[in-house]
Amino acid sequence: MAEPAARRCCLGWDFSTQQVKVVAVDAELNVIYEDSVHFDRDLLEFGTQGGVHVHENGLTVTSPVLMWVKALDIILEKMKTSGFDFSQVLALSGAGQQHGSVYWKTGASQVLTSLSPNLPLHEQLQACFSISDCPVWMDSSTTAQCRQLEAAVGGAQALSCLTGSRAYERFTGNQIAKIYQQNPEAYSHTERISLVSSFAASLFLGSYSPIDYSDGSGMNLLQIQGKVWSQACLGACAPHLEEKLGSPVPSCSVVGAVSSYYVQRYGFPPGCKVVAFTGDNPASLAGMRLEEGDIAVSLGTSDTLFLWLQEPTPALEGHIFCNPVDTQHYMALLCFKNGSLMREKIRDESASRSWSEFSKALQSTEMGNGGNLGFYFDVMEITPEIVGRHRFSAENREVSAFPWDVEIRALIEGQFMAKRIHAEGLGYRVMPKTKILATGGASHNRDILQVLADVFGAPVYVIDTANSACVGSAYRAFHGLAAETDVPFSEVVKLAPNPRLAATPTPGASQLGAPS
């Protein structure tokens, strides 16, 4: 069989918690190559479980930085062995697990700029990090630093207004503060602090890549309105922090050309551009091609909402980030812990463990559930912090039980009404052109999606997001190439596969989700 003609493409990378993944996307936005390296399976020598080390206190969670470097070596060698034609790569971008941080030791920049193409990266960068085990998003050991930061700026709401979120243990500023307090020597020997995203971009650049606005919004350090570091927050976390972070840049910035290391070792073209890497959640927003007024609902173990916002109103719940594909706008993220496990529990209790019986209950009960409302939190919820099952009758009295079919509709309507109320609390408004994109396990259940459409009063589409952060990164690479000519992201991705319409609001549904 003849070799297919070489196709110009962009690469999208994802440095996630458990693996490094790559996709190549051609000019027609088809995925033409994908590969991955799984940390636990392919890098046994680092001894991770789920890509991390959970420390004895159960709160501290880290990943070895050299594991991430070696994973990149392995995946590039796999691509080379498979015959991947690096000479066709126009640009690359990527995503990193949010909030994690990497600490480059004094002198590391010289090593980065003078890499030898004869050796893998991990052999050359071994002595380049002042902290060998990096704090990641699962870490929750910085409660004291969170309280210190909030106190320094006038409280949790003040910090949220400034940076888009109240202080969270996993957010990078609080992690940096802990390292400065507990390991001042390592901190003083650090010349640069990167997020996982800008660290990965630095590997490709052969020099320090700046942090982008969108991933930088997950640090409790960036003023999301002015898009500059907050001096009050920097000062509360650690000294000399601004020079260690560098200046943040728009997410669509071309930060440079790929290092000569990749040109000589793998055959990348010298003109291959590196577009700023961002966080995995912002990259997923790009991969799902959200537009103004849209909302994405990931219905998984926990439920996550992605919102496109014009005018954010930061709150004590949820997170507001700078938008990765439109510097004038914002995105918000809301996480709800009681997601699919809660749905499965009620299915088991009320529908004989059967999804088809569960669906029958949604089909046979009326929209609005006759005024019966329920909120179900078997584990401590994070949005808001509450636990227990709470049922209210049409007369607004708390009751101890509902009939089985009313219980099922109360659960699903209650879950989606809570999502709408919290979204509107952050400044979100359903618009006439609003689309809801549903992903995750429950997005396969049409009856659940019908309730979602009815509560939000907007059509629901389903989309395959198996690689959304990766594909979104490749889309962002194309956007970076075009952004210098002010082409909007929506124009760059117009050839991408369209989501499939799954449910439209029932007539009269606009009253259901409206706040009373």
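Predicted model only: the values in this text are computed from it and were never measured.

Points about the UniProt feature "domain: Carbohydrate kinase FGGY N-terminal" (unreviewed entry) in the protein chain
Mapped onto the present numbering, the UniProt feature "domain: Carbohydrate kinase FGGY N-terminal" (unreviewed entry) falls on residues 133–287. For residues 133–287, the helix share is 49%, the strand share is 14%, and the end-to-end C-alpha distance is 30 Å.

Considerations on the packing of aromatic side chains
Using the criterion set out here, one finds 18 aromatic pairs in the structure. A ring pair is formed by Phe86 and Phe268, whose centres lie 4.9 Å apart and whose planes are at 35°; its orientation type is tilted. Of the two residues, Phe86 is situated in the loop between helix H2 (65–81) and strand S6 (89–96) and Phe268 in the loop between helix H13 (260–266) and strand S13 (273–275); the sequence distance between them amounts to 182 residues. Using a relative accessible area of 2% as the deciding quantity, one classes Phe86 as buried. Taking 5.3 Å as the distance between ring centres and 70° as the angle between the ring planes, the aromatic pair formed by Tyr180 and Tyr187 counts as edge-to-face. On the basis of relative accessible area, Tyr187 is assigned to the buried category, the value being 3%. Over the ring of Tyr168 we find Arg166; its NZ or CZ atom is 4.4 Å from the centre of that ring.

Structural notes on helix H14 (residues 280–287)
At 3.6 residues per turn, the α-helix brings residues three or four places apart onto the same side. Of all eight residues that make up H14, seven are buried, and the element is covered over most of its length. Listing the buried residues of H14 in full gives Asp280, Pro282, Ala283, Ser284, Leu285, Ala286 and Gly287. Where H14 terminates, the next one or two residues include Arg289, which has phi positive at roughly 55°.

Concerning the nonpolar core
One finds Ile176, Leu221, Leu241, Leu245, Leu307, Leu449 and Leu452 to be the most contacted residues of the largest nonpolar core, which totals 72 residues. Filtering out sequence-adjacent residues up to four positions away, Ile176 remains in contact with Tyr103, Tyr187, Ile193, Leu221, Ala238, Leu241 and Leu245.

Re the packing of helix H5 (residues 143–153) against helix H6 (residues 156–163)
Closest axis-to-axis distance for the H5/H6 pair is 7 Å, and the angle between their directions is 85°. Relative to H6, the element H5 lies roughly perpendicular. Residue-level contacts link Leu149, Glu150 and Val153 of H5 to Ala156, Ala158, Leu159 and Leu162 of H6.

Some points on the sheet that holds strand S23 (residues 460–462)
Taken in spatial order, the seven strands line up as S17-S18-S16-S15-S22-S23-S24 in an open sheet, and their pairing is mixed. A strand with exactly one partner marks an edge of an open sheet, and here the two such strands are strand S17 (319–322) and strand S24 (500–503). Averaged over neighbouring strand pairs, the angle between their axes works out to 25° when direction is ignored. Both S17 and strand S18 (residues 330–336) contribute to a ladder of four bridges, which runs antiparallel. Its bridge partner lying in S18, Ile320 is registered against Ala332.

Topic: the side chain of His319
Of note, His319 is situated in strand S17. His319 gets classed as buried once you look at its relative accessible area, which sits at 5%. Within the structure, His319 has its side chain in polar contact with the side chain of Ser165 (distance 2.9 Å). Within the local environment of His319, its side chain forms a polar contact with the side chain of Arg170, the two groups lying 2.9 Å apart.

Rules used in this analysis
- Residues numbered from 1 in each chain as written.
- Predicted model: local features only at pLDDT ≥ 70, side-chain atom pairs only at ≥ 80, totals over all residues.
- Heavy atoms only, no water.
- UniProt positions renumbered as here; feature names shortened; annotations may be inferred.
- Helix = DSSP H or I, 4+ residues; strand = E, 2+ residues; numbered from the N terminus.
- Phe/Tyr/Trp six-rings, centres within 6.5 Å; stacked < 30°, edge-to-face > 60°.
- Buried < 20%, exposed > 50% of the residue type's maximum accessible area, 1.4 Å probe, protein only.
- Lys NZ or Arg CZ within 6 Å of the ring centre and 35° of its normal.
- Core = buried A, V, L, I, M, F, W, Y, C linked by side-chain atoms within 4.5 Å.
- Contact = heavy atoms within 4.5 Å.
- Axes fitted to C-alpha atoms, helices over the stretch in contact; angles between N-to-C directions.
- Parallel < 35°, antiparallel > 145°, perpendicular 65-115°, else oblique.
- Pairing = 2+ DSSP bridges.
- Polar contact = N/O pair within 3.5 Å; in protein donor to acceptor, adjacent residues only side chain to side chain.

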